[in-house]
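Commentary on secondary and tertiary structure
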Amino acid sequence: HAKDAGRNNYQFYARRMNEAAGERLQLENALRQALASITPEDSPFSLHFQPQIDALSGAVIGLEALARWHDPVLGEIPPTRFIRIAEDSGLIQPLGDWILWETCRNIRHFRDAGLHGLRVAVNISAQQLRHENLPRLVRGILDCYDLTPLDLELEITESTAMQNPELTLSVLRQFADMGIMLAIDDFGTGYSSLAYLKHLPIHRLKLDRSFVKDIESDPNDAAICSATVALGHNLGLELVAEGVETEAQRHFLAELGCDALQGFYYSKPLPAWQVAAFVAAHRP
Ligand code: C2E
Ligand code: MG
Ligand code: MG
Ligand code: MG
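No experiment lies behind these values; they were computed from the predicted model shown. (Residues numbered from 1 in each chain as written. Chains lettered and ligands numbered in written order. Predicted model: local features only at pLDDT ≥ 70, side-chain atom pairs only at ≥ 80, totals over all residues. Heavy atoms only, no water.)

1. Focus: the overall build of the protein
Worth spelling out the cut-off: Counting from the N terminus, the helices are DSSP H or I runs at least four residues long and the strands are E runs at least two residues long. Radius of gyration here is computed from C-alpha atoms only, and the compact-globule reference equals 2.2 Å multiplied by the residue count raised to the power 0.38. Each residue gets one of three labels from its accessible area relative to the maximum for its type: buried under 20%, exposed over 50%, partly exposed in between, using a 1.4 Å probe on protein chains only.
Scanning the protein from terminus to terminus reveals twelve helices and ten strands. The C-alpha radius of gyration of the protein comes to 21 Å, within 12% of the 19 Å expected for a compact globule of 284 residues. Seen through its principal axes, the protein has C-alpha atoms that stretch 70 × 50 × 40 Å. Scored against the burial criterion, the 284 residues of the protein give a buried share of 45%.

Shown next as structure tokens:
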């Protein structure tokens, strides 16, 4: 009967929803425990660093710090999953703080190992930006590791920038006034208004990898990439392409005038200890 079928469907979906909610809750609890277990010697979280390459010279000009979480029971949990849960549960505050400290600790190590001029970008989520003392915290961490604002770059996604525009603008201004570089991540996916973006004190646009993927075969994607590069340059911004996986994509984006390239074609995100060797191998 239709009615029974409807009820069965409902029960099926309700059960699936409960399973999903249960799994989410399990992850949230594991995340809370993982954060509580951090000590100066040991952490279930770590950072990997993905090189950013100068499109003209082929030199490494920067790195993006990307969070990793290895849980002893649950295994490797991808950041797309745990960052979202951290955001929804308020845990992004302690996690985001740890990521900032750990990023700067690593920059100090890179400098001490003789790697100079490499800026490290760190992803900042919308909830973190909402805390008005974030600029002061960042300043304090930089001072603590004897770093300068030029050593650091902050990435916020286009959709983050569009949430709470007034607060975002005021926080970003404080960072820009300090001399910290700002990038708009996943650019092209967030429906942001250019009228708003033009007021933000940003330095770089990161072209989302969904446009790069089929750049050679899809004329629309090629047009979007080309228009975005032109738009960014006309606004005085640097263009970084994400998700560069092939030589053909590299060539295409370099021809468009993209300033920097990031993707598996060059390197996956690397553990910190592999960074120096990678940089040395890519000296032009
Ligand atoms: P994102 O900031 O846009 O980072 C780029 C993502 O693309 C990374 O995934 C990177 O490994 C991946 N990627 C880089 N090159 C390629 C490529 O050539 N092909 C493909 N298919 N993928 C590529 P990851 O590390 O899994 O991070 C996913 C997202 O999770 C990040 O996207 C960012 O939104 C978020 N995330 C990661 N770490 C952090 C963090 O420390 N804080 C915050 N707030 N978010 C983070
Ligand atoms: Mg990013
Ligand atoms: Mg991105
Ligand atoms: Mg992304």
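2. Things to note about the coordination of the magnesium ion (ligand 2)
Geometry reference: four tetrahedral donors at a metal, ideal angle 109.5 degrees. Six octahedral donors, ideal angles 90 or 180 degrees. Heads up, the condition is: Distances define the donors: N, O and S atoms within 2.8 Å of the metal qualify, as do those within 3.2 Å of Na, K or Ca. Water is excluded, so some sites may look unfinished.
The coordination sphere of the magnesium ion (ligand 2) contains the protein donors Glu64 (OE), Asn123 (OD1), Glu155 (OE) and Asp185 (OD), at a distance range of 2.0 to 2.2 Å. All donors of the magnesium ion (ligand 2) come from a single chain, and their spacing in sequence reads E-x58-N-x31-E-x29-D. A distance of 4.0 Å spans the gap from the magnesium ion (ligand 2) to the magnesium ion (ligand 3), which Asp185 bridges by coordinating each metal. With Glu64 in strand S2 (residues 60–71) and Asn123 in strand S4 (residues 119–123), this pair connects stretches of sequence that are 59 residues apart. Accessibility expressed as a relative area gives 4% for Glu64, which makes it buried.

3. A word on the coordination of the magnesium ion (ligand 3)
The protein atoms donating to the magnesium ion (ligand 3) are Asp185 (OD), Asp186 (OD), Glu242 (OE) and Glu242 (OE), with metal-donor distances spanning 1.9 to 2.6 Å. Along the chain, the residues donating to the magnesium ion (ligand 3) are arranged with the sequence spacing D-D-x55-E.

4. Considering the site of ligand 1
Selection criterion: Note on definitions. A residue lies near a molecule or strand when any single heavy atom of the residue is within 4 Å of it. Side-chain atoms alone can form a polar contact between residues adjacent in sequence; in general such a contact is a pair of N or O atoms within 3.5 Å, and within protein one must be able to donate a hydrogen while the other accepts it. Computed with the Shrake-Rupley method and a 1.4 Å probe, the accessible areas treat only the protein chains shown as cover for residues. Classes in brief: Ala, Val, Leu, Ile, Met, Phe, Trp, Tyr, Cys and Pro nonpolar; Asp, Glu, Lys and Arg charged; the others, Gly included, polar.
Taken together, the neighbourhood of ligand 1 is formed by 21 residues, with Arg68, Asn123, Asp185, Glu245 and Phe264 sitting nearest. Between ligand 1 and Glu64, the relevant distance is 3.0 Å, taken from an oxygen atom to a side-chain nitrogen or oxygen of the residue. Here Asp185 contributes a side-chain N or O atom positioned 2.9 Å from an oxygen atom of ligand 1. Starting from 790 Å² of accessible surface for ligand 1 in isolation, the protein chains cover 84%. Looking at the shell around ligand 1, the elements with two or more residues in it are S2, helix H2 (79–89) and strand S6 (181–187). Ranked by residue count, the leading element in the shell around ligand 1 is S2, at four residues. In the shell around ligand 1, the residues fall into eight nonpolar, six polar and seven charged.

5. Quick notes on the pattern of salt bridges
Threshold: Definition used for salt bridges: Asp or Glu carboxyl oxygen within 4 Å of a side-chain nitrogen of Lys or Arg.
Overall, the coordinates contain 16 salt bridges when judged by the stated rule. Residue Arg81 is joined to Glu23 by a salt bridge in which the shortest nitrogen-to-oxygen separation is 2.9 Å. Note that Arg81 is positioned in helix H2 and Glu23 in helix H1 (residues 2–36), a separation of 58 residues in sequence. In this structure, Glu242 and Lys206 form a salt bridge, with 4.0 Å as the shortest nitrogen-oxygen distance. Within this pair, whereas Glu242 is found in the loop between strand S8 (238–241) and helix H11 (247–256), its partner Lys206 is found in strand S7 (residues 204–207), the two being separated by 36 residues in sequence. Like Lys206, Glu242 is buried.

6. Overview of the packing of aromatic side chains
Condition: Paired rings are identified among Phe, Tyr and Trp, the last through its six-membered ring, by centres lying within 6.5 Å, and are further divided according to the angle between planes into stacked (under 30 degrees), edge-to-face (over 60) and tilted (the rest).
One pass over the structure, following the stated rule, counts seven aromatic pairs. Pairing Trp101 with Tyr145 gives two aromatic rings, centres 6.1 Å apart and planes at 70 degrees, and the pair type is edge-to-face. Note that Trp101 is positioned in helix H3 (residues 92–112) and Tyr145 in the loop between helix H5 (134–144) and strand S5 (152–157), a separation of 44 residues in sequence. Residue class for Trp101 comes out partly exposed when judged on its relative accessible area of 34%. When the ring of Tyr265 is compared with that of Tyr266, the centres are 5.0 Å apart and the planes differ by 75 degrees; the resulting orientation is edge-to-face.

7. Here we look at the packing of H3 against H5
The following threshold applies: Helix axes are fitted only over the stretch in contact, all axes being lines through C-alpha atoms; the angle between N-to-C directions runs from 0 to 180 degrees. Working definition: roughly parallel below 35 degrees, roughly antiparallel above 145 degrees, roughly perpendicular at 65 to 115 degrees, and oblique for all remaining angles. Rotating anticlockwise by less than a right angle from the far helix to the near helix defines a left-handed crossing, while the corresponding clockwise rotation defines a right-handed one. Pairs of residues are marked as contacts when any of their non-hydrogen atoms sit within 4.5 Å.
At a closest axis distance of 9 Å, the pairing of H3 and H5 adopts a crossing angle of 30 degrees. Judged on the interaxial angle alone, H5 and H3 are roughly parallel. Considering only the axes of H3 and H5, their crossing is right-handed. Contact with H3, carried on its side by Asp97, Leu100, Trp101 and Cys104, involves Leu134, Leu137, Val138, Ile141, Leu142 and Cys144 of H5 and no other residues of that element. Residue classes in the contact of H3 with H5 are distributed as nine nonpolar, no polar and one charged.

8. Observations concerning unusual backbone geometry
The backbone of Asp146 shows a phi angle near 55 degrees, a positive value even though the residue is not glycine. Of the residues examined, Asp146 reaches a relative accessible area of 62% and is grouped as exposed. The phi torsion at Asp186 lies on the positive side, around 55 degrees, for a residue other than glycine. Taking the relative accessible area as the measure of exposure, Asp186 reaches 26% and is therefore partly exposed.

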